[in-house]
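Summary of structural features
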Amino acid sequence: MKRTRIELADVGDLGNLAVATFRAARGKRSRPDIVAFLSRLDHELAGLRRTILDGSIEVGRGVRFEIRDPKPRKIFAPCFRERVLHHALMAHVGPVLERTLVDDSFACRTGKGSLAAVRRTQQHVRRFPWYAKMDVRSYFASIDHAILEKRLRRVLKGQGLLDLLHRIITSHQDSPGRGLPIGSLTSQCFANFYLDPLDRFLLETRGVAGLVRYMDDFVLWTETRKLAVQAVAAAVSFLEGCLSLTAKQPVQINRSARGVTVCGYRVLPGTLRLSQRRRRRYLDALRSSEAAYLSGRLDELGLQRACDAALAITAHADVVPWRRARRAAQPGLAWDDLV
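All residue numbers here refer to positions counted from 1 along the written sequence of the relevant chain. The predicted origin of the model limits local features to residues at a pLDDT of at least 70 and limits the giving and counting of side-chain atom pairs to 80 or more, whereas totals for whole chains, interfaces and linings rest on all residues. Hydrogens and water are ignored here; the side-chain numbers use all heavy atoms of the structure.

A word on the pattern of salt bridges
Here, a salt bridge means any side-chain nitrogen of Lys or Arg that lies within 4 Å of a carboxyl oxygen of Asp or Glu. Inspection of every chain in the model, using the stated rule, returns twelve salt bridges. Arg40 serves as the salt-bridge partner of Glu44, at 2.7 Å between the closest nitrogen and oxygen. Exposed residues in this analysis have more than 50% of their type's maximum accessible area, buried residues have under 20%, and partly exposed residues fall in between, with area computed by a 1.4 Å probe over protein chains only. Looking at Arg40, the relative accessible area reads 41%, which means it is partly exposed. Salt-bridge contacts for Asp284 lead to Arg287; the nearest nitrogen and oxygen are separated by 3.8 Å. A residue pair is termed a helical-turn pair when its members lie 3 or 4 positions apart in one helix, as Asp284 and Arg287 do in helix 13 (residues 276-294) at three residues. Of the residues examined, Asp284 reaches a relative accessible area of 46% and is grouped as partly exposed. For Arg287, a relative accessible area of 35% puts it in the partly exposed group. Numbered from the N terminus, helices here are DSSP runs of H or I no shorter than four residues, and strands are runs of E no shorter than two.

Looking at helix 2 (residues 14-25)
Across its twelve residues, helix 2 extends 16 Å between first and last C-alpha, which sits within 8% of the 16 Å expected from 1.5 Å per residue. Along helix 2, the positions that sit buried rather than exposed are Asn16, Leu17, Ala20, Thr21, Ala24 and Ala25. Buried residues along helix 2 cover an arc of 155° about the axis, so they all sit on one side. Throughout this description, a polar contact denotes any pair of N or O atoms lying within 3.5 Å of each other; where both atoms belong to protein, one of them has to be capable of donating a hydrogen while the other can accept it, and for residues adjacent in sequence the pair is counted only when both atoms sit in side chains. Here helix 2 starts with a cap whose side-chain oxygen sits 3.0 Å from the backbone nitrogen of Gly15, and that cap is Asp13. One fewer than the residue count of a helix, multiplied by 1.5 Å, yields its expected span. The directions considered for the arc are those from the helix axis to the C-beta atoms.

A short note on a nonpolar patch on the surface
On the surface, Val63, Phe65 and Ile67 cluster together into a nonpolar patch covering about 250 Å² of accessible area. Overall, the relative accessible area of 33% leaves Ile67 in the partly exposed class. Nonpolar side chains (Val, Leu, Ile, Met, Phe, Trp, Tyr) are joined into patches within 5 Å and like charges within 9 Å, using only residues with over 30% relative accessible area and no salt bridge. Each accessible area value is a Shrake-Rupley result obtained with a 1.4 Å probe; residue values ignore everything except the protein chains displayed when judging cover.

Brief notes about the side chain of Asn254
In this structure, Asn254 sits in strand 8 (residues 252-255). Residue classification places Asn254 among the buried positions, given a relative accessible area of 18%. A polar contact is formed between the side chain of Asn254 and the side chain of Arg258, at a distance of 3.3 Å. When checking whether two residues touch, look at their non-hydrogen atoms; a contact exists if any pair is within 4.5 Å. The residues contacting Asn254, other than those within four sequence positions of it, are Pro129, Trp130 and Tyr131.

Some points on the sheet that holds strand 9 (residues 260-262)
For two strands to be treated as a pair, DSSP must find at least two bridges joining them. Strand order across the open sheet formed by three strands is 9-10-11, with antiparallel pairing between neighbours. At either margin of the open sheet sits one strand with a lone partner, and together these are strand 9 and strand 11 (271-274). Strand after strand, the sheet turns through a mean of 35° between neighbouring axes, direction not considered. As paired elements, strand 9 and strand 10 (residues 265-268) share three bridges and run antiparallel to each other. If you follow Val260 over to strand 10, its bridge partner there is Val267. Interaxial angle, 0 to 180 degrees, is taken between N-to-C directions of lines fitted to C-alpha atoms, where a helix line uses only the stretch in contact.

Some details on the confidence of the model for the protein
One number per residue, pLDDT, summarises how confident the predictor is, and it ranges from 0 to 100. On average, residues of the protein score 92 in pLDDT, and 96% of them are at 70 or above. Taken as a whole, residues 333-339 scores under 50 in pLDDT and shows 28 contacts with residues more than four places along the chain or in a different chain.

Details of a positive patch on the surface
When charges are counted, Lys and Arg are positive and Asp and Glu negative, with His and the chain ends excluded. Charge coordinates come from a single atom per side chain, which is NZ of Lys, CZ of Arg, CG of Asp or CD of Glu. A contiguous patch of positive charge on the surface is contributed by Lys71, Arg73, Arg277 and Arg280. Its place among the elements puts Arg73 in strand 3 (residues 72-78).

Some remarks on the nonpolar core
By size, the foremost hydrophobic cluster in this structure holds 66 residues, and its most contacted members are Tyr139 and Leu156. In terms of residue count, the dominant contributor to this core is helix 5 (residues 80-100) (nine residues). Buried residues of nine kinds, namely Ala, Val, Leu, Ile, Met, Phe, Trp, Tyr and Cys, make up a nonpolar core once their side-chain atoms join them within 4.5 Å. By size, the runner-up hydrophobic cluster in this structure holds 25 residues, among which are Val212, Val219, Leu283 and Leu303.

Remarks on the side chain of Arg151
With respect to the helices and strands, Arg151 occurs in helix 8 (residues 145-155). Look at Arg151: it is buried, it has no salt bridge, and the nearest opposite charge is Asp196 at 4.3 Å. At a separation of 2.6 Å, a polar atom in the side chain of Arg151 contacts the main-chain carbonyl oxygen of Phe193. Other than its neighbours up to four places away in sequence, Arg151 contacts Phe193, Tyr194, Asp196 and Pro197.

Following this line, the structure appears as structure tokens:
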């Protein structure tokens, strides 16, 4: 592939930085740090441009915290100034990385997303009789910096840009020379790009009939169980030998007719159902909103909005019979009057 040259002047262009600022601020403009940044926008953008061009811009500043979703995850939230930098970078780098990806990679891509991945999964479930579902162990924490930078140099050129990307990548380490922080725009794009060689290896050399990948979770389809077993062995070997990653075990291999869980849905040839985790999220959301209403922390309008938000969790799935059964089994205000 021909490499694309991107200069720091393109990233630090004032128009590009202004657009990046408002993208980074979307939905968060009431935060004090963002209000302060926007109040002196011209000064901030001029300083940001200057530090980008002279290579002195600080990276790796932000807040680290842990969430459970449902397993513990360490999240890094970059400071607003660095988020602007990330958006300005990806405005130029993102389209280049996008062109390298196969069509059946769905994470962090405009026009793709989790629902598109589910719809594509259902198409494959209807067409191919066997599937194997795989995942990468501790994916973000295991990404090898040297391998990632080597891959970036194969599609990008411009020493200033490559030096800046090196600084961003190496500003975070879960272990020596490894790891990208969960929570930053650059990490999401780089992590999606990192696994593209695996997609091409499976589709082009291992007899895989169909593939859906959402970040490090992927499902492959084959015509026979034997081909599925062989493809899994090849994928495990490729991950370890070429990308320095480890596949989670055991790998799930099954008939497509029995369904596969992808992005919160149980996907079968003729229907979409909610996964067990998404069902629990829906029930917990309803119960907490009802408790808030009964304790006086929510009025009727707030309760309706909370129930609407809970219902959004079930969107696109065939859940009406299940919801009715749950309402009958556990009657209550939110269930009977508003759902």
